[in-house]
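# Understanding the architecture of this molecule
Letter by letter, the chains look like this.
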Amino acid sequence: MSAASCLRSEDQFLCSICLDVFTDPVSTPCGHNFCKKCINQHWNSKDQYLCPMCKEVFNIKPELHINTLLTEVVAQFRQEAQQKASSSSSEQQAAKPGEVPCDVCTGTKLKALKSCLVCLTSYCETHLEPHLTASGLKRHQLMDPVENLEDRMCMKHNKPLELFCKTDQTCVCVLCSILDHKTHEFVPLKEEYEGKKVELGKTEVEIQEMIQKRRLKIQEIKHSVDLSKEAADREKAEGVQVFTALMESIKRGEAEVTKTINERLKMTEKQAEDFIKELEQEISELKKRSSEVEKISHSEDHLHLLQNFPSLKAAPPTKDWTEVSIRPSSYEGTVVRAVAQLEETLSKQMKKLLAEVKLKRVQQYAVNVTLDPDTANPKIILSKSKKQVSYGDVKKKLPDNPKRFKCYPNVLGKQSLSSGRFYFEVQVKGKTEWNLGVARESIKRKGLIILRPQYGYWTICLRNGNEYSACNNPPVVLSLKSQPQKVGVFVDYEEGLVSFYDVDAAALIYSFTGCSFTEKLYPYFSPCNNDGGKNSAPLIICPVNHTT
């Protein structure tokens with residue numbers, strides 16, 4: 001049946017049974033009007049004939065006649081409603097593909113605004129109006145337009161699915177709750193909907209959290225790739241630097257070999273040239289004498305021959321060339337010796353370049369270390385910047401802090417490390433004694449202190465101006481090619497590594513390996529005693545100047 005917005009009150013034309021506009025309206029003896037089909041179906045399903053409105057009971061089934069006046073009024077009402085619907089439909093949008101169409105519209109289907117779960121019909125704005133104004137239709141449940149409303153009917157009882165069976169976790173109709181699920185627990189769909197909506201809200205939050213975690217993981221992976229790319233680019237650049245230097249050395253070696261061979265060849269050629277010049281000069285003199293001898297020998301002047309005979313009888317003085325020779329220069333072994341020398345040079349250069357690369361790598365973990373006054377022995381002096389420490393002869397009066405070193409001139413850095421890597425540099429120039437390294441948090445600070453790994457210290461030291469050693473167990477004497485002016489300290493916590501570098505020479509001094517760190521590590525410094533002023537220079541924590 002169709003419904004329309006009306007020019008009169010809609011309630012006047014609605015059947016109280018079907019709640020729609022009258023079709024073939026009839027009147028009961030009590031004066032109430034119904035659709036002929038609706039009232040007959042109602043009475044056929046009951047044991048007695050009573051009016052659905054006033055509940056008056058009729059002993060026999062009343063004979064019903066069409067209410068002609070009401071029929072005409074309803075027809076006029078339908079016509080006016082249809083005209084208004086036609087007029088307003090031109091202002092509304094036709095349903096597009098994917099949109100739910102109005103089930104009532106004839107011809108062009110307009111876009112449905114709502115669907116009724118009681119009528120199982122979708123309505124456009126015009127055809128929805130009775131559900132918004134008519135008292136009987138206002139009780140119907142409306143929702144956003146959906147297709148396949150028949151899916152919302154119980155297939156077994158052809159009744160709306162209005163309840164939710166919590167036992168079977170399924171939607172059921174009223175008859176299902178009485179017949180098939182009578183021992184089960186039920187709640188209205190709306191109540192279950194609200195509960196499930198809350199659960200879905202929690203699920204949505206969980207899903208969003210999972211999405212966020214995965215987005216963060218994507219960022220983490222991308223960041224790892226970026227770091228890997230940076231490391232690869234850095235490694236390639238270092239490789240180019242190293243191999244360029246090595247190739248330049250090879251080219252220089254090649255040039256030296258060529259130069260040596262060419263110089264030796266030039267010397268041979270010069271010697272030969274000088275000999276040839278001297279020989280050619282002697283040949284010229286001999287030819288001159290030969291010409292004079294030949295001339296005088298053919299002379300008929302007896303006196304002239306006899307007078308010149310003594311000077312022409314002997315050959316002119318010349319060099320004895322019997323033992324003179326030019327031996328071809330031997331170049332055998334020149335290349336072999338040059339390659340051997342180049343190999344030695346390359347080996348030294350490669351070690352130096354690799355050391356520079358290694359130092360450059362650890363310098364990227366540089367941290368800004370400052371000295372901790374609460375740990376400083378009363379006899380040592382800290383600068384205002386907390387970057388320098390030296391030994392003072394006067395013992396200061398300081399609070400007996402549990403962290404303070406009491407007997408030895410030691411101080412710790414304020415910064416600690418419990419994971420990862422860090423690096424710092426200390427100037428030791430002008431000192432004859434010092435201790436440097438790292439120490440764990442629980443080290444002994446009062447009484448006798450032994451600088452050994454088993455006691456929580458990983459250090460190297462200088463004694464007597466030129467005696468270097470690593471404070472291992474047992475101590476390791478260090479033979480250094482040059483005296484470090486600046487020492488770099490590097491720690492890899494997870495790797496269990498503590499390394500010391502001569503920064504200026506870009507050379508590794510010593511490494512503690514296989515260490516097991518289980519607590520915080522702190523930078524450790526000791527300027528040692530002044531030694532009568534010979535060791536008065538301070539230890540200075542320097543800013544790291546990254547090698548290029």
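These figures come from a predicted structure and were not determined experimentally. (Residues numbered from 1 in each chain as written. Predicted model: local features only at pLDDT ≥ 70, side-chain atom pairs only at ≥ 80, totals over all residues. Heavy atoms only, no water.)

Let us now look at the overall build of the protein chain. For the protein chain, the helix and strand inventory stands at 8 helices and 23 strands. Radius of gyration (C-alpha) of the protein chain: 57 Å, far over the 24 Å computed for a compact globule of 548 residues. Along the longest, intermediate and shortest principal axes, the C-alpha atoms of the protein chain span 195 × 100 × 45 Å. The proportion of buried residues among the 548 residues of the protein chain is 34%. Considering only residue pairs separated by 6 or more positions, the protein chain has 56% of its internal contacts joining residues 24 or more positions apart. Only carbon and sulfur atoms are counted for the fraction: they give 53% of the accessible area of the protein chain, which is about 34600 Å². (Helix = DSSP H or I, 4+ residues; strand = E, 2+ residues; numbered from the N terminus. Rg over C-alpha atoms; globule rule 2.2 N^0.38 Å. Buried < 20%, exposed > 50% of the residue type's maximum accessible area, 1.4 Å probe, protein only. Contact = heavy atoms within 4.5 Å. Areas by Shrake-Rupley, 256 points an atom, 1.4 Å probe, with all protein chains shown as cover.)

Our next topic: the pattern of salt bridges. For the structure on display, the rule yields 15 salt bridges. As a salt-bridge pair, Glu192 and Lys196 come within 2.1 Å of each other at their nearest N and O atoms. Taken together, the positions of Glu192 and Lys196, both in helix 6 (residues 189-297) and 4 residues apart, correspond to about one turn of that helix. Taking relative accessible area as the criterion, Glu192 reaches 8% and is therefore assigned buried. (Salt bridge = Lys/Arg side-chain N within 4 Å of Asp/Glu carboxyl O.)

Our focus in this paragraph is the packing of helix 6 against helix 7 (residues 302-313). Two elements in contact, helix 6 and helix 7, have axes whose closest approach is 10 Å; the angle formed by their N-to-C orientations is 155°. Taken together, the axes of helix 6 and helix 7 lie roughly antiparallel to each other. With respect to the hand of their crossing, helix 6 and helix 7 are arranged in left-handed fashion. The residues of helix 7 that touch helix 6, namely those facing Arg289, Glu292, Val293 and Ile296, are His304, Leu305, Asn308, Ser311 and Leu312. (Axes fitted to C-alpha atoms, helices over the stretch in contact; angles between N-to-C directions. Parallel < 35°, antiparallel > 145°, perpendicular 65-115°, else oblique. Left-handed = near helix turned anticlockwise from the far one by under 90°.)

Evaluation of the coordinates by the stated rule reveals 13 aromatic pairs. The interplanar angle of 25° and the centroid separation of 4.6 Å between the aromatic rings of Phe13 and Phe77 together place this pair among those described as stacked. Within this pair, whereas Phe13 is found in the segment before strand 1 (25-27), its partner Phe77 is found in helix 2 (residues 68-89), the two being separated by 64 residues in sequence. Comparing Phe13 with Phe77, the two get one shared label, buried. One aromatic cluster is present, formed by Trp43, Tyr49 and Phe58 through successive ring pairs. (Phe/Tyr/Trp six-rings, centres within 6.5 Å; stacked < 30°, edge-to-face > 60°.)

With that settled, consider the nonpolar core. Membership of the largest hydrophobic core comes to 36 residues, with the highest contact counts inside it found for Trp434, Ile460, Val487 and Phe525. Residues within four places of Trp434 in sequence aside, it is in contact with Val428, Ile460, Cys461, Leu462, Arg463, Tyr468, Val487, Ser526, Cys528 and Leu539. Core analysis: the second largest hydrophobic core is formed by 20 residues, Cys15, Phe22, Cys51 and Leu137 among them. (Core = buried A, V, L, I, M, F, W, Y, C linked by side-chain atoms within 4.5 Å.)

A word on the sheet that holds strand 8 (residues 163-165). Read across the sheet, 3 strands follow the order 9-8-10 without closing on themselves; strand pairing throughout is antiparallel. At either margin of the open sheet sits one strand with a lone partner, and together these are strand 9 (170-172) and strand 10 (186-188). The sheet shows a mean angle of 35° between the axes of neighbouring strands, direction not considered. Of the pairings in the sheet, the one linking strand 8 to strand 9 comprises 3 bridges and is antiparallel in character. Of the residues in strand 9, the one forming a bridge with Cys165 is Thr170. Lying over the sheet, helix 6 contacts strand 8, strand 9 and strand 10, oriented at roughly 85° with respect to strand 10. (Pairing = 2+ DSSP bridges.)

A few words now on a nonpolar patch on the surface. The grouping of Val174, Leu175, Ile178 and Leu179 at the surface amounts to a nonpolar patch, some 330 Å² of accessible area in total. Residue placement: Val174 occurs in helix 5 (residues 174-179). By relative accessible area, Val174 is classed as partly exposed at 39%. (Patch = residues over 30% accessible without salt bridge, like charges linked within 9 Å, V, L, I, M, F, W, Y side chains within 5 Å.)

With that out of the way, let us pick up the sheet that holds strand 19 (residues 486-492). Pairing is antiparallel in the open sheet, where 7 strands are placed in the order 11-12-23-14-19-20-21. Strand pairing shows two members of the sheet lacking a second neighbour, strand 11 (380-382) and strand 21 (507-512), which therefore form its edges. Direction aside, neighbouring strands of the sheet carry axes that sit 20° apart on average. Judged from the 3 bridges that link them, strand 14 (residues 421-427) and strand 23 (residues 539-542) form a sheet pairing that is antiparallel. Residue Val426 lies in a different strand from strand 23, and its bridge partner there is Ile541. Seen against the sheet, helix 8 (residues 334-363) touches strand 14, strand 19, strand 20 (497-502) and strand 21 and runs at an angle of roughly 110° to strand 14.

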